[in-house]
Amino acid sequence: MSGKEAAKVPRKVYERELIRLQTELVKLQEWVRAEGARLVVVFEGRDAAGKGGTIKRVTEHLNPRVARIAALPKPTERQRSQWYFQRYVEHLPAAGEIVLFDRSWYNRAGVEHVMGFCTKEEHQLFLRQCPIFERMLVEDGILLRKYWFSVSDEVQQERFRRRLEDPVRRWKLSPMDLDSITRWEAYSRAKDEMMVHTDVVEAPWFVVESDDKRRARLNMIAHLLDSIPYHEVPPPVLELPDRPESTGYERTPRDLQTYVPDHAASL
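What you are looking at is a predicted structure, and each value in this text was computed from that prediction instead of being measured.

Basis of the calculations
- Residues numbered from 1 in each chain as written.
- Predicted model: local features only at pLDDT ≥ 70, side-chain atom pairs only at ≥ 80, totals over all residues.
- Heavy atoms only, no water.
- Pairing = 2+ DSSP bridges.
- Helix = DSSP H or I, 4+ residues; strand = E, 2+ residues; numbered from the N terminus.
- Axes fitted to C-alpha atoms, helices over the stretch in contact; angles between N-to-C directions.
- Contact = heavy atoms within 4.5 Å.
- Salt bridge = Lys/Arg side-chain N within 4 Å of Asp/Glu carboxyl O.
- Buried < 20%, exposed > 50% of the residue type's maximum accessible area, 1.4 Å probe, protein only.
- Parallel < 35°, antiparallel > 145°, perpendicular 65-115°, else oblique.
- Left-handed = near helix turned anticlockwise from the far one by under 90°.
- Nonpolar A, V, L, I, M, F, W, Y, C, P; charged D, E, K, R; others polar.
- Core = buried A, V, L, I, M, F, W, Y, C linked by side-chain atoms within 4.5 Å.
- Phe/Tyr/Trp six-rings, centres within 6.5 Å; stacked < 30°, edge-to-face > 60°.
- Polar contact = N/O pair within 3.5 Å; in protein donor to acceptor, adjacent residues only side chain to side chain.

## Topic: the sheet that holds strand S5 (residues 205-209)
Part 1 of the argument: A sheet is described by the order of its strands in space; here five strands give the open sequence S2-S3-S1-S4-S5, paired in parallel fashion. Where the open sheet ends on each side, the last strands, each with one partner, are strand S2 (67-70) and S5. Direction aside, the axes of adjacent strands within the sheet are offset by 20° on average.
Part 2 of the argument: As paired strands, strand S4 (residues 143-150) and S5 are joined by five bridges and run parallel to one another. Directly across from Lys146, in S5, lies its bridge partner Trp205.
Part 3 of the argument: With respect to the sheet, helix H2 (residues 51-59) is in contact with strand S1 (38-45), S2, strand S3 (97-102) and S4, its orientation differing from that of S1 by roughly 155°.

This is the structure we're talking about:
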């Protein structure tokens, strides 16, 4: 049964399983660091498909010095003159690192192609070069996982509407996001063409049904963990030392320092 047909995951079930999976992600992180592995996770999909929320749950308890998010802005004039993949290469992980791409080089297969930000020749060149580029990454030892978050048009529109009405999430909407509503079929065709060319054995696509965000997050994280042969790395043995005896230090008088007002006391 697909995510679109299944009942929504109850909150208590979701929260219990999420913390279990996040505990495993910490183990995966420590394995990556101990083994000097390099892990790249690509998150792609339509606007409001749930990529950002899933990335947030993946990284919530991870060490930002080990696991970092790459969410690149639009390219500069100089970057536009470079080999297309060049600016993504510099964000790839070194030994012991995890990089999560919140959108990636696949911008060229989606928004750039549909919105006319690249030429037809550049788009076709990307489709030819991308499998070669990804095979090079895998051959060099990088663990590459690619997830496409699939959302229905009805759910996407409802999520856009909620964002538009929510003052703390409205920043997530841009005119280009709203324009994607009128270009639904164009994006669908672009995605289908992208999959034909880039769903290769060495770097396959994994589709995440995301109409139910809770189900999507659990399914994606569980799949990622199952796809990597990590094991628990014993943590170093740490003991809390006894606090030493005072040597006569006296704290600076409080009235010599400026404290933030106690806003909480007014609640």
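## Remarks on the pattern of salt bridges
Part 1 of the argument: Throughout the structure, instances matching the rule amount to 20 salt bridges.
Part 2 of the argument: In this structure, the salt-bridge partner of Glu158 is Arg161, at a minimum N-O distance of 2.8 Å. Placement of the pair is Glu158 and Arg161 together in helix H7 (residues 153-165), with a separation of three residues, close to one helical turn.
Part 3 of the argument: Assessed through its relative accessible area of 32%, Glu158 is described here as partly exposed.

## Topic: the packing of H7 against helix H8 (residues 175-182)
Part 1 of the argument: Across the interface, H7 lies against H8 with an axial gap of 11 Å and an inter-helix angle of 150°. Taken together, H7 and H8 sit at an angle that is classed as roughly antiparallel. H7 and H8 meet at a crossing whose hand is left-handed. Contacts from Gln156, Gln157 and Phe160 of H7 reach H8 at Asp177, Leu178, Ser180 and Ile181.
Part 2 of the argument: When its residues are assigned to classes, the contact of H7 with H8 shows three nonpolar, three polar and one charged.

## Brief notes about the nonpolar core
Part 1 of the argument: Ranked by internal contacts, the top residues of the largest apolar core, which has 31 residues, are Leu25, Leu28, Val41, Met220 and Ile221.
Part 2 of the argument: Put simply, the parts of the chain that give this core at least two residues each are helix H1 (11-35), S1, H2, S3, S4 and helix H10 (213-226).
Part 3 of the argument: The leading source of residues in this core is H1, at seven residues.
Part 4 of the argument: Residues Ala70, Tyr88, Leu127 and Cys130 belong to the second largest nonpolar core, which totals 25 residues.

## With respect to the packing of aromatic side chains
Any pair of aromatic rings gets described here by the distance separating the centres and the angle formed by the planes.
Part 1 of the argument: Evaluation of the coordinates by the stated rule reveals 17 aromatic pairs.
Part 2 of the argument: Between Phe85 and Phe126, the aromatic rings sit 5.6 Å apart at their centres with planes inclined by 15°, giving stacked as the arrangement. Of this pair, Phe85 sits in the loop between helix H3 (77-80) and helix H4 (86-89) while Phe126 is found in helix H6 (residues 120-139), placing the two residues 41 residues apart along the sequence. Considered together, Phe85 and Phe126 belong to a single accessibility category, that of buried residues.
Part 3 of the argument: Seen from their ring centres, Trp148 and Trp205 are 6.3 Å apart, and the 85° between their planes marks the pair as edge-to-face.

## Points about the environment of Ile55
Part 1 of the argument: Along the chain, the position of Ile55 falls in helix H2.
Part 2 of the argument: On the basis of relative accessible area, Ile55 is assigned to the buried category, the value being 3%.
Part 3 of the argument: With residues near it in sequence (within four places) discarded, Ile55 still touches Phe43, Ile69 and Asp102.

## Quick look at the side chain of Arg38
Part 1 of the argument: By the element assignment, Arg38 lies in strand S1.
Part 2 of the argument: Of note is the side chain of Arg38, whose polar atom sits 2.4 Å from the backbone oxygen of Asp140.
Part 3 of the argument: With sequence-adjacent residues up to four places away left out, Arg38 is seen in contact with Pro93, Ala94, Ala95, Glu97, Asp140, Gly141, Ile142 and Leu143.

By themselves, these observations are geometric and do not establish any function.
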